[in-house]
Amino acid sequence: MRRVSTLICLAIAAGASAQMTGSGAARTGRFADWKDELTKLVQAETGVGADLAALAYDEGFGKSAAQLRFLRFISPTDLTEFKKRQGASAFLEWLLEDEELLNTYLLSGTPAEFKVSGLEIWHRIWTEREAARKPGIEQRFAMATALVHSTQINAMANGKKIEPLERFDYFIEANRNGQLFPYFNDAPVWELKYVSGAWALDTDLDWARETTDDKIKQQALIHKSLGRVPYRLFNSKGVSVQKGAAYYDYKPMTLKLMTEVGAVCGGISRFGTATAQAFGIPGMPVGQPGHCAFLTRISPTDWGLHYNISGWQRSTQHGGTRMPWGRTASYVLAFDTAYRSGDLLASERLRWIGDHWKGLSPEKSQAAYAASVEAQPYNVPAHQALTASGSQTPEDQAARITEAFGNYPIIMVDLIAAAETKLAKSILKDAGTRSYVQSAAEAVVGGDAKLQKGTAAYSMHLLIDRTVRRTTGRKKSITGIFNKKTQADTWKAMKPTEQRETVLAMEIAARSAMARPDVRNSILPRYMELSELDSMTRAKAMGFLSFRMEDAKTAGDKKLATSLCNHLIKLAKIDKDTDTQKRYQAELKLIKAS
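Here the residue numbers are simple positions, counted from 1 along each chain's written sequence. Where totals are concerned, whole chains, interfaces and linings use all residues; where local detail is concerned, this predicted model gives features only for residues with pLDDT of at least 70, and gives and counts side-chain atom pairs only at 80 or more. Side-chain metrics in this entry use all non-hydrogen atoms of the structure; hydrogen atoms and water are not considered.

**Some details on the sheet that holds strand β3 (residues 302-306)**
Step number 1: Strands are treated as partners if at least two bridges between them are detected by DSSP. Every helix listed is a DSSP run of H or I at least four residues long, and every strand listed is a run of E at least two residues long, numbered separately from the N terminus. Strand order across the open sheet formed by four strands is β3-β2-β1-β4, with antiparallel pairing between neighbours. Each edge of the open sheet carries a strand with a single partner, namely β3 and β4 (316-317).
Step number 2: Looking at chain direction, strand β2 (residues 291-299) and β3 are connected through five bridges and run antiparallel. Bridging across to β3, L295 finds its partner in L305.

Below, the structure is given as C-alpha cells:
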C-alpha cells in the first residue's frame, strides 16, 4: 500500500509544498513541477540512513521511482507537447498512475525506444481499440507495438512504412482466430516487440501461415521453414544477388517470391524469422562474420540460433533490430534469465536510484548500484554503472564480474574490459600473480554449459587476447594463434614479450580448463602447437605439460595422459634431447600398460 502520509511529510521537509500526482500533472500540464516534487520525494526516501534493499521491494516507493524514471526519458517539455493531442490527458492519467504498466514499459524497452513517437502510437491504439486498455494480450501487444515502432519500420518487400495500428490489428485478429501459436498469449512485452516489429507485409505473413508444412507448425520447429528458400547466388537469368532489386527483377521481395527465385544467407534468415513471427513467435535476424543467422523463441525458457555458422559467441545485433543490454546474442539470453527471475524490477529500481544520485552524491549512487547488483547479479547495466562509479578496486571489479557471469562468458569478458586497464598496471604487471586471469578462466569452466551455449572456449580466446594486449600494450589482436592456418605467421609477428605473455596466459587458461573437455580441447592443442614453434616456449611447455600429464594419470584419464606424453616426446625430438625422449617413451609404455 502506498505510504502517502510519509511521502508527503518527507516532501514538505524537503521543501515541497504539496504532493502532485501523475493524474494531476496530466490534467494541468504541470509536468516540470511534478518532476521537481518527485525528485524531492525520491531524494528524501533514499537519503542518509535509507534502507535501499527494502525500498527496492516497496510498492509505494516503486511507483514514484518509476514515474521519475519515465520523466528521465520523456521530458516534461515532450509531455507538454504530447498533451495537446485530443484525449492525450486521459491516456497519460491512465498510464502515469498505473505502476505495473510503467514498470513493464521501463523494463521492456531500450533507451532508444522511449520516445514520444512511441507514446503517440500507444495513445492511438488505446483510443481506438478498447481492449488495449485492459490487462491482457491486447494491452501487452499495444505496448510492444508502441516501443518497437517508435522508430519507423519499413517492409522488406517494398520499402513502405508498416503502419503500427494496422500491425496491431493484424496480429490481434489472427490471435482471436486461433492462427497463432499459444505462446503468443503468454509472451512478455519485451519479446512481443520481436513479433510486432516483423519486416514482412501482413499479406506475406498470411501466406507463410497458409503454406508452411504442418509437420513444422510448432514453436520448437518453425525455424525449419528456412529450407523453403533455395540458396542461389544468381537468379535464373544470371543476375547476381549482389545486384539487389535486379535479382528479383525489380518485383516486391515477398516471401513467396523468395521461395521461387532464391536468396543467400540474409534473405534466408529473414524468411525464417518472418515465418516464426507469422505464428506469433518472437524472432530476429543476427549478424555473423560474413553471414546472417536468426534467433527464435523455441520454448518458454529458451532461445534457438538457426542457420548458424559462427555460434552464439559471434552472433551480433542486426541492423534494424535492438537487443536488450548489449550487441551480442548472449545479452538476449542473460536478459531473458534476469527477467524471468522475478528480481529484475527490484534491481532496476536500485539502479534508477543510483542514476538519480549520480553527480549529486557519489556515495549514495555507488551504494545503490552495489545493492542493484546484489538483487540481480545478471543486471548488466548495474554492473557497468558500478564499475564506472570507481567505488571498487580493479581486483574487486574483476572478482565481482567473474563471479556473476560464468554462465555468460562473452558478457563477462565484455564487462571486465573496463577493469583491465587498471589491472594491467597492478595484477598483470607481475607474471607470477595473474590471479585475475585464473579466476576468469575458472568462472568460465565452472559455468553451466547449457546456458553458455558453446561460448566458453571462444571467450577464453578473447580473455587471453585481451590479457596479452593489456599487459604488453599491443594493439593488434593475437586471436590468430587459435587458428592453425594463421598460427605460425601470427606468432612470428609478435615481439618476445608478447610471446611470453601469450604462453603464460594460455598456461593459466589451460590449467583451469583441464576439468572441461570442450574448453580444454580448444586451448590445450593450440598451446601444444605453439610449443613446437619456439625454443623458449618448448622449454616452458615441457614442465607445464608434464604436470598436466601427471594430473591426467591421477584422474584416470588415460587418453589425455597418452596425448600429452606423445607431445612431450615430440618436443624432445625437436630439441634433439635423446635422454628426455627416452624417459617419456618409457613413461608412455607405463601409461598404456595401466
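Having seen the structure, we can now continue with the description.
**Brief notes about helix α10 (residues 137-148)**
Step number 1: Relative to the 16 Å expected for twelve residues at 1.5 Å per residue, α10 spans 16 Å between its end C-alpha atoms, a close match to the ideal helical length.
Step number 2: Any residue under 20% of the maximum accessible area for its type is buried, any over 50% is exposed, and the rest in between are partly exposed; the area is computed with a 1.4 Å probe on protein chains only. With respect to burial, α10 is a largely interior element, eleven of its twelve residues being buried.
Step number 3: Buried residues in α10 make contact with α7 (88-96), α8 (99-108), α9 (116-128), α11 (164-176) and α12 (189-196). Multiplying 1.5 Å by the residue count of a helix minus one yields the expected span of that helix. Here a residue-residue contact requires only that any non-hydrogen atoms of the pair lie within 4.5 Å.

**Quick word on the nonpolar core**
Step number 1: Counting 98 residues, the largest nonpolar core has F70, F91, L95, Y105, L119 and W122 as its most contacted members.
Step number 2: For this core, the element with the highest residue contribution is α10, accounting for eight residues.
Step number 3: Setting aside its immediate chain neighbours within four residues, F70 contacts L79, L95, L96, L102, Y105, L106 and L119.
Step number 4: Ranked by size, the runner-up nonpolar core spans 82 residues in total, among them F335, L463, M514 and L545. For this analysis, a nonpolar core means a set of buried residues of the types Ala, Val, Leu, Ile, Met, Phe, Trp, Tyr and Cys, connected via side-chain atoms within 4.5 Å.

**Description of the confidence of the model for the protein chain**
Step number 1: The predictor attaches a confidence to each residue, called pLDDT, with possible values from 0 through 100. Here the protein chain averages 92 in pLDDT, and 94% of its residues register 70 or above.
Step number 2: In the model, residues 1-18 has pLDDT below 50 throughout and makes 25 contacts with residues more than four positions away in sequence or in other chains.

**Thoughts on the packing of helix α19 (residues 380-389) against helix α20 (residues 394-404)**
Helix-helix packing is characterised by the crossing angle of the two axes and by the distance between the axes.
Step number 1: Close contact between α19 and α20 brings their axes to 11 Å; oriented N to C, the two are set at 170°. Classed by the angle they form, the pair α19 and α20 counts as roughly antiparallel. Taking contact as the criterion, the partners of H383, L386 and T387 in α19 are, on α20, Q397, R400, I401 and A404.
Step number 2: Polar here means any residue outside two lists: the nonpolar Ala, Val, Leu, Ile, Met, Phe, Trp, Tyr, Cys and Pro, and the charged Asp, Glu, Lys and Arg; Gly therefore counts as polar. For the contact of α19 with α20, the class distribution of residues is three nonpolar, three polar and one charged. Axes here mean lines fitted to C-alpha atoms, for a helix over just the part in contact, with angles spanning 0 to 180 degrees between N-to-C directions. If an angle is under 35 degrees, it is roughly parallel; if it is over 145, roughly antiparallel; if it lies from 65 to 115, roughly perpendicular; otherwise it is oblique.

**What about the packing of aromatic side chains?**
Step number 1: Aromatic contacts are taken between Phe, Tyr and Trp rings whose centres are within 6.5 Å, Trp giving its six-membered ring; a plane angle under 30 degrees counts as stacked, one over 60 as edge-to-face, and the others as tilted. Applying the stated criterion across every chain yields a total of 27 aromatic pairs.
Step number 2: Ring centres 5.7 Å apart and planes at 35° place the aromatic pair F91 and W94 in the tilted group. Here F91 pairs with W94, and both are found in helix α7, just three residues apart, close to one helical turn. Of the two residues, F91 and W94, both sit in the buried class.

**Some remarks on the packing of α11 against helix α13 (residues 202-211)**
Step number 1: In contact at an axis separation of 11 Å, α11 and α13 are set at 20° when each is read in the N-to-C sense. By the angle class used here, α11 and α13 are roughly parallel. Helix-helix and strand crossings are classified by hand; for α11 and α13 the assignment is right-handed. On α13, the residues touching E166, R167, Y170, F171 and A174 of α11 are D202, L205, D206 and R209.
Step number 2: Counted by class, the contact of α11 with α13 contains four nonpolar, no polar and five charged residues. Take the far helix as the reference: if the near one is turned anticlockwise from it by less than a right angle, the crossing is left-handed, and if turned clockwise, right-handed.

**Comments concerning the side chain of N175**
Step number 1: Summarising the element assignment, N175 is placed in helix α11.
Step number 2: Overall, N175 belongs to the buried group, its relative accessible area being 15%.
Step number 3: Side chain to side chain, N175 and N185 meet in a polar contact 2.9 Å long.
Step number 4: Discounting residues that sit within four places of it in the chain, N175 has contacts with I137, L180, F184 and N185. Residues adjacent in sequence count toward polar contacts only when both atoms are side-chain atoms; beyond that, a polar contact is any pair of N or O atoms within 3.5 Å, and within protein one must be able to donate a hydrogen and the other to accept it.

**Structural notes on the pairing of β2**
Step number 1: Where burial is concerned, most of β2 is hidden: seven out of the nine residues are buried.
Step number 2: From the end of strand β1 (residues 283-288) to the start of β2, which pair antiparallel, there are two residues, and G290 there has a positive phi angle of about 65°.
Step number 3: The antiparallel pairing of β2 with β3 creates a hairpin that spans two residues between the two strands.

**A short note on helix α30 (residues 578-593)**
Step number 1: With 16 residues, α30 extends 23 Å from end C-alpha to end C-alpha; this agrees with the ideal 22 Å at 1.5 Å per step.
Step number 2: Structurally, α30 contributes buried residues whose contacts are with α28 (535-554) and α29 (558-574).

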